[in-house]
Amino acid sequence: MSATRTEDLRARYEAAFMPNYGVPPVALARGEGTAVWDVDGRRYLDLIGGIAVSSLGHGHPALVEAVSRQVAVLAHTSNLYLHEPEVLLAERLLGLLGAPGRVFLANSGTEANEAALKIAIKYGKAHGRDYVVAAEMGFHGRTLGALALTGKPSIRDQFGPFPIDVRFVPYGDAAALREAVTDRCAAVFLEPTQGEAGVVPPPEGYFAAARRICSETGALFVVDEIQSGIGRTGHWFAHQAEGVVPDIVTIAKGLGGGLPIGACLGLGPAGTVFAKGDHGSTFGGNPVSCAAALAVLDTIEREGLLERAKTLGARLADGIAAIRHPLLKGVRGRGLWLAVLLARPCADRVQAAAQDAGFLVNAVQPDAIRLAPPLVITGDEVASFLDALPGILEAANGA
Ligand SMILES: *Cc1c(COP(=O)(O)O)cnc(C)c1O
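On a predicted model such as this, the values are computed, not experimentally measured, just so you know. (Residues numbered from 1 in each chain as written. Predicted model: local features only at pLDDT ≥ 70, side-chain atom pairs only at ≥ 80, totals over all residues. Heavy atoms only, no water.)

Student: For this particular structure, what's the right way to read the domain arrangement of the protein?
Tutor: Interface size is commonly expressed as the accessible area that is lost once the parts come together. The domains assigned to the protein are domain 1 (5-59 + 304-398) and domain 2 (74-302). On a C-alpha basis, the centres of domain 1 and domain 2 stand 27 Å from each other. The interface of domain 1 with domain 2 comprises 25 residues on the first partner and 31 residues on the second. For the domain 1 and domain 2 pair, buried surface summed over both sides reaches about 2400 Å², with 59% attributable to carbon and sulfur atoms. By the criterion of area lost to domain 2, the three top residues of domain 1 are Leu306, Arg334 and Trp337, representing 32% of everything that side buries. Here domain 1 and domain 2 share two salt bridges between them. The salt bridge partner of Arg334 is Glu242, with a shortest N-O separation of 3.0 Å. The interface formed by domain 1 and domain 2 contains 16 residue pairs in polar contact (both at pLDDT 80 or more). Broken down by secondary-structure element, the contributors of at least two residues to the side of domain 1 that touches domain 2 are helix H2 (49-52), helix H11 (305-321), strand S11 (328-333), strand S12 (338-342) and strand S14 (362-365). In terms of residue count, the dominant contributor to the side of domain 1 that touches domain 2 is H11 (four residues). (Domains from an automatic or database assignment. Contact = heavy atoms within 4.5 Å. Buried area = accessible area lost by both parts, 1.4 Å probe. Salt bridge = Lys/Arg side-chain N within 4 Å of Asp/Glu carboxyl O. Polar contact = N/O pair within 3.5 Å; in protein donor to acceptor, adjacent residues only side chain to side chain. Helix = DSSP H or I, 4+ residues; strand = E, 2+ residues; numbered from the N terminus.)

Below you can see the structure in the form of structure tokens.
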């Protein structure tokens, strides 16, 4: 029997790539809207969107037009020269934050957090503050600075020690945070909901308490919105629903709709900690990624995608919660960013059963399946997944 194209590509991938990702199960060839096709022509409903990145789905005309136009006109300037798309994007992001500030553009989430960490270190040195606080099980990226902030021992410990003192607190515990943050603390880094930990929202009031603790002690409050931001929860930024104003916000993932871009947004005085020469990136804020991000922001506004994330996210969560199955323990999350909670650690099997049924989902934790579909998903598509889910669970249960 001859190998399928997927089997052939997986074998060659395994031989050519470092083993850090393992070998992914599906080889994707193309996408359109919320649908993707693999190299053997199988169609899937994309319920993970490249990890909360493909906010407009695949091949959205606004994104295609903006990127094509910009790459033909001017693809790169470096930071030696400025260009209009970056200025428009920075102004636009500050407008969405609704607070005065300054922007640094990077290429990824981890780089956005590196910028935030360097700001925290510089601020700390100037004010006698020599450590930062982050949350257990939090995720902030894979480069060494962001990894130092990442509270997951399995991905962190073998690469330490790190050149910065990071103290970890249990996520969601305001009393522990108060205990850990003194006037020697330079910054507190928190996700509004912990994404990689399994889409774990904090208890009500945690973010307001964190803001208060930072204000009282003088620590910078850094909110990592790399996964939660740009409409995912039905708000431009998840922290806006908590009624807090951070000192620094980092974003990436959904901002470029698939093009690589990240940003570190410094509000108030945090926007001017960096002086000339303190930080930089050759590719950061390149015109093509900025054009993509502007198209994403325009489209979210024009197509009412914040509202859609709220209403369809609620419909998806309510639909899952209404299903009775011995493997299904519940659902948590906000907007179009949910975790299906399993009664046993069999997320890999549920992910595989979903794939067999034509749905791409992500086994984010051994007992949790993450859903982060494109924000353009329709009510019919949500319904099709809800119809299929009992059968998927049953297939995983019997496997
Ligand atoms: C994905 C993610 C990062 C890292 O972003 P990369 O673009 O992969 O470097 C950082 N923080 C959070 C909360 C994330 O979800």
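Next comes the rest of the write-up.
Student: Looking at this structure, how should I read the site of the ligand?
Tutor: The ligand sits among Ser108, Gly109, Thr110, Asn113, Phe139, His140, Gly141, Glu191, Asp224, Ile226, Gln227 and Lys253. Backbone polar atom of Phe139 to a nitrogen atom of the ligand: 3.2 Å apart, as the coordinates give it. A distance of 2.8 Å separates a nitrogen atom of the ligand from a polar side-chain atom of Asp224. In isolation the ligand exposes 380 Å². Once the protein is present, 82% of that is buried. Element by element, the count of residues in the shell around the ligand is highest for helix H5 (residues 109-126), at three residues. Class assignment of the residues belonging to the shell around the ligand gives a composition of two nonpolar, seven polar and three charged. (Near = heavy atom within 4 Å. Areas by Shrake-Rupley, 256 points an atom, 1.4 Å probe, with all protein chains shown as cover. Nonpolar A, V, L, I, M, F, W, Y, C, P; charged D, E, K, R; others polar.)

Student: Teacher, can you tell me more about unusual backbone geometry here?
Tutor: The bulk of non-glycine residues show a negative phi, and the bulk of peptide bonds are trans. A cis amide bond, omega -5°, links Gly160 with the succeeding residue Pro161. Relative to the elements of secondary structure, Pro161 occurs in the loop between helix H7 (153-156) and strand S6 (166-169). In the Ramachandran plot, Met137 falls in the positive-phi region, its phi being about 70° despite a non-glycine side chain. Mapped onto the elements of the fold, Met137 is located in the loop between strand S5 (131-135) and helix H6 (144-149). At Val199, a position not held by glycine, the phi torsion is positive, near 50°. Position of Val199 relative to the elements: it lies in the loop between strand S7 (185-190) and helix H9 (206-217). The exposure class assigned to Val199 is buried, which follows from its relative accessible area of 0%. (Buried < 20%, exposed > 50% of the residue type's maximum accessible area, 1.4 Å probe, protein only.)

Student: Sorry, what's going on with the sheet that holds strand S2 (residues 35-38) here?
Tutor: Within a sheet, neighbouring strands are paired by backbone hydrogen bonds and run either parallel or antiparallel to one another. The strand order S1-S2-S3-S13 describes an open sheet built from four strands, whose pairing is mixed. One side of each edge strand has no neighbouring strand; the edge strands of this open sheet are strand S1 (28-32) and strand S13 (359-360). (Pairing = 2+ DSSP bridges.)

Student: Would you mind showing me how to read the UniProt feature "modified residue: N6-(pyridoxal phosphate)lysine" (unreviewed entry) in the protein here?
Tutor: In the numbering used here, UniProt assigns the "modified residue: N6-(pyridoxal phosphate)lysine" (unreviewed entry) feature to Lys253. Residue position: Lys253 is located in the loop between strand S9 (248-251) and strand S10 (262-267). Here Lys253 falls in the partly exposed class, since its relative accessible area comes to 21%. The residues touching Lys253, leaving out its near neighbours within four places in the chain, are Ile51, Ala52, Val53, Ile226, Gln227 and Ile261. (UniProt positions renumbered as here; feature names shortened; annotations may be inferred.)

Student: Help me understand the sheet that holds strand S15 (residues 368-371), please; the structure alone is not making it clear to me.
Tutor: The strand order across the open sheet built from four strands is S11-S12-S15-S14, with neighbouring strands paired in antiparallel fashion. Every interior strand has two partners, whereas the edge strands, S11 and S14, have only one. Across the sheet, the mean angle from the axis of one strand to that of its neighbour is 30°, orientation sign disregarded. Where S12 meets S15, four bridges bridge the pair, whose relative direction is antiparallel. Of the residues in S15, the one forming a bridge with Val340 is Ile369. On the sheet, helix H12 (residues 347-356) packs against S12, S14 and S15 and is oriented at approximately 165° with respect to S14. (Axes fitted to C-alpha atoms, helices over the stretch in contact; angles between N-to-C directions.)

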